[in-house]
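The lines below spell out each chain.
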Amino acid sequence: MRRMRGTVLAAVAVSTALVLAGCAKDSGAPSGGGNASGSECKLAPKPPAAAAGTTSSKAPEKADGSALKVGLAFDIGGRGDASFNDSAAAGVDKAIADLGVKKENVKELSAGPNEAESAKQTRLRQLAADGVNPIIAVGFAYADALKAVAPSFPNTKFAIVDATVEGATNVTPLVFAEEQGSFLSGVIAAYKSKKCNVGFVGGVETPLIQKFEAGYYQGAKAAAPDIKISKKYLTPAGDFTGFQDPAKGNAAAQGMVSGGSDVLYHAAGASGKGVFTAAKAAGVSAIGVDSDQYNQKTVEQEKDVIISSMLKRVDVAVFDYLLAVAKNDLSKMPKVFDFSVGGVGYSTSGGKIDADLQAVLEGYKAQIVSGQIKVSDKPTS
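Here is a short report on the structure shown in this document. Note that the structure is predicted; figures quoted are calculated from it, not measured.

### A short note on the packing of helix H2 (residues 84-99) against helix H9 (residues 314-326)
Following both chains from N to C, one finds H2 and H9 inclined at 40°, their axes separated by 7 Å at the closest point. Accordingly, the angle class assigned to the pair H2 and H9 is oblique. When you trace H2 past H9, the crossing you get is right-handed. Every residue of H9 that contacts H2 at Phe84, Ser87, Ala88, Ala90, Gly91, Val92, Lys94, Ala95, Asp98 and Leu99 is listed here: Val314, Asp315, Val318, Phe319, Leu322 and Leu323.

### What to know about the nonpolar core
Ranked by internal contacts, the top residues of the largest apolar core, which has 42 residues, are Phe183, Phe212, Ile227 and Tyr364. Ranked by residue count, the leading element in this core is helix H6 (residues 207-223), at eight residues.

### Considering the environment of Pro134
Looking at the secondary structure, you find Pro134 in the loop between helix H3 (117-129) and strand E3 (135-138). Sequence separation of Pro134 and Asn170 is 36 residues, and the distance between their C-alpha atoms is 9.9 Å. Pro134 has contacts with Leu68, Lys69, Val70, Gly71, Lys157, Tyr321, Leu322 and Val325, leaving out every residue within four places of it along the chain.

### What to know about the packing of helix H7 (residues 246-258) against helix H8 (residues 272-282)
Relative to each other, H7 and H8 sit at 40°, their axes nearing to 7 Å. Our classification of the angle between H7 and H8 gives oblique. In the packing of H7 onto H8, the handedness of the crossing is right-handed. In this structure, H7 uses Pro246, Gly249, Asn250, Ala253, Gln254 and Val257 to contact H8, whose residues at the interface are Gly274, Val275, Thr277, Ala278 and Ala282. Of the residues in the contact of H7 with H8, the class split is six nonpolar, five polar and no charged.

Rules of the game
- Residues numbered from 1 in each chain as written.
- Predicted model: local features only at pLDDT ≥ 70, side-chain atom pairs only at ≥ 80, totals over all residues.
- Heavy atoms only, no water.
- Axes fitted to C-alpha atoms, helices over the stretch in contact; angles between N-to-C directions.
- Helix = DSSP H or I, 4+ residues; strand = E, 2+ residues; numbered from the N terminus.
- Parallel < 35°, antiparallel > 145°, perpendicular 65-115°, else oblique.
- Left-handed = near helix turned anticlockwise from the far one by under 90°.
- Contact = heavy atoms within 4.5 Å.
- Core = buried A, V, L, I, M, F, W, Y, C linked by side-chain atoms within 4.5 Å.
- Buried < 20%, exposed > 50% of the residue type's maximum accessible area, 1.4 Å probe, protein only.
- Nonpolar A, V, L, I, M, F, W, Y, C, P; charged D, E, K, R; others polar.

Printed below as a string of structure tokens:
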């Protein structure tokens, strides 16, 4: 979840502009149009069906990764966060299974909430000094630390999820089109809402998380121009506890439900568990993020409210990077992991995305891939 990428606004007409005044930001009050009756949305015409064969699949590639010593410097929450970090871990687990990376040669370290910048540098230096190569930093919060550390270890390969480190030739960026995947989450929310009123919970108000908000808003408005959309960020930029505070996620979700929202989408890391708990208590629906959260053990008690998850395929990016390192060829790595390379998507676990809705989603996806729809990575307010 951590990097901005410039795109232009969608060529999808929306009839109402989003107005997110300070009260909406603080209380989760609805905004962005109106369906005063609280009834289902009046949906826009469906997009044309996606042409057969527009979704490509590449043949599995093989390489010998048995000599790699892989380091994972996790973001806050580490393995088991039921979200971003777990997706990165899944990529390494696949490399163990498919590339022969030895489990005993994988070293994992995690960040702490609001830790000093020096702690990130120390973590990276420790891995590099121990001969770990390559090292994957999970999250944009490592960008400054990598800029300081990478030049000291020119023979070590680094990668960073959600950021680019300018001037560091031994650092590979793994960045995503989160706004594209979130667009489809907005479409799902519009089609599933019984009140034409949906919400977005962001963990920390950073440009990266605003990409999720922007895509969600645009997709919901594309599908239902009169839909109400609420938003709430758990913490301001700089306070990363918003990614690991389920209680705050729960309170934000409760506020949105009180305001009439009946589908909630979160981009809040481990705080999303609180969103799911509130959704279950209120009998409303939720959309997960990063991984297929319906199948995650840490939110198993709440899975029945999860209608889909926006798949940010950090696992794909991490595996593809390790494959490229094993082949000693980083030249073919994607610049951005978007729809066209399977870098983002949506889940259908739980059976709540039926064939008709999936056809709609694939139609919108095809228009995004073709460039007919341009998804903004910046909120309109």
